[in-house]
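Reading the structure
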Amino acid sequence: MNKRPTSARPLARLTPFVLAAALMAGCSSVPLDEGGAPVTDRSPAPVGAGGEGGAAGGAASGGVDGRAVTPAQAAPAETAQPPANVARVIYFDFDSYVVKPEYMATLEAHARFLNADRKRRVVLEGHTDERGGREYNLALGQKRADAVRRALALLGVQDEQMESVSYGKEKPAVPGSGEEAWSRNRRVEFVYR
């Protein structure tokens, strides 16, 4: 029986790690300012009038393709418009992310609007009043936006159509302190894109 001595086994286990460390150390010592690869400027050349590369922007100035660029088509304006005559804000009680029953008609109207065209997208922006710490309010704003998102999902809106974000207390709708301002700042806004 040819058995290796037990002292060689730990060394055999460390060999791959030692080799990897040596390889990384060797790579980190290569000077970056020395080298042989030529550097060429590939920044875009200015485009002439009419959207085409003229003599100044053609092959003479670095091989820029002189063909016209087709502009991208924006989505139709009605896609980003919210539903008509429907509130775009849902308000919440202090320190709560429960959607109140009084907003069910608003949620149903937004769900019908989104379900009518699956290309429509909405961002649900969660907000809080100024009381409490920044991290706490960011989390509460997210819970509010997610609660509205879940309600819309139960009404058939596809998950890909919705995005929920939180601004916490960073974007108050009404400046100031007091219950009147605070109640207007505890909200989720529907922003269509």
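What comes next is a walk through the structure. Source: prediction; values computed, not measured. (Residues numbered from 1 in each chain as written. Predicted model: local features only at pLDDT ≥ 70, side-chain atom pairs only at ≥ 80, totals over all residues. Heavy atoms only, no water.)

What follows is about the overall build of the protein. Secondary structure summary: the protein contains four helices and four strands in total. Secondary structure of the protein in N-to-C order comes out as α-β-α-β-α-β-α-β. Scored against the burial criterion, the 193 residues of the protein give a buried share of 27%. Per element, the accessible surface of the protein, about 13,400 Å² overall, is 58% carbon and sulfur. (Helix = DSSP H or I, 4+ residues; strand = E, 2+ residues; numbered from the N terminus. Buried < 20%, exposed > 50% of the residue type's maximum accessible area, 1.4 Å probe, protein only. Areas by Shrake-Rupley, 256 points an atom, 1.4 Å probe, with all protein chains shown as cover.)

Moving on: unusual backbone geometry. Even without being a glycine, N85 presents a positive backbone phi close to 60°. In this structure, N85 sits in the loop between helix 1 (8-28) and strand 1 (89-91). Overall, N85 belongs to the exposed group, its relative accessible area being 84%. Its identity is not glycine, yet D95 carries a phi of approximately 55°, on the positive side. Positionally, D95 belongs in the loop between strand 1 and helix 2 (104-116).

With respect to the secondary-structure elements, V86 resides in the loop between helix 1 and strand 1. Distance in space between the C-alpha atoms of V86 and A105 is 9.1 Å, their sequence separation being 19 residues. Setting aside anything within four residues of it in sequence, one finds V86 in contact with T106, A109 and H110. (Contact = heavy atoms within 4.5 Å.)

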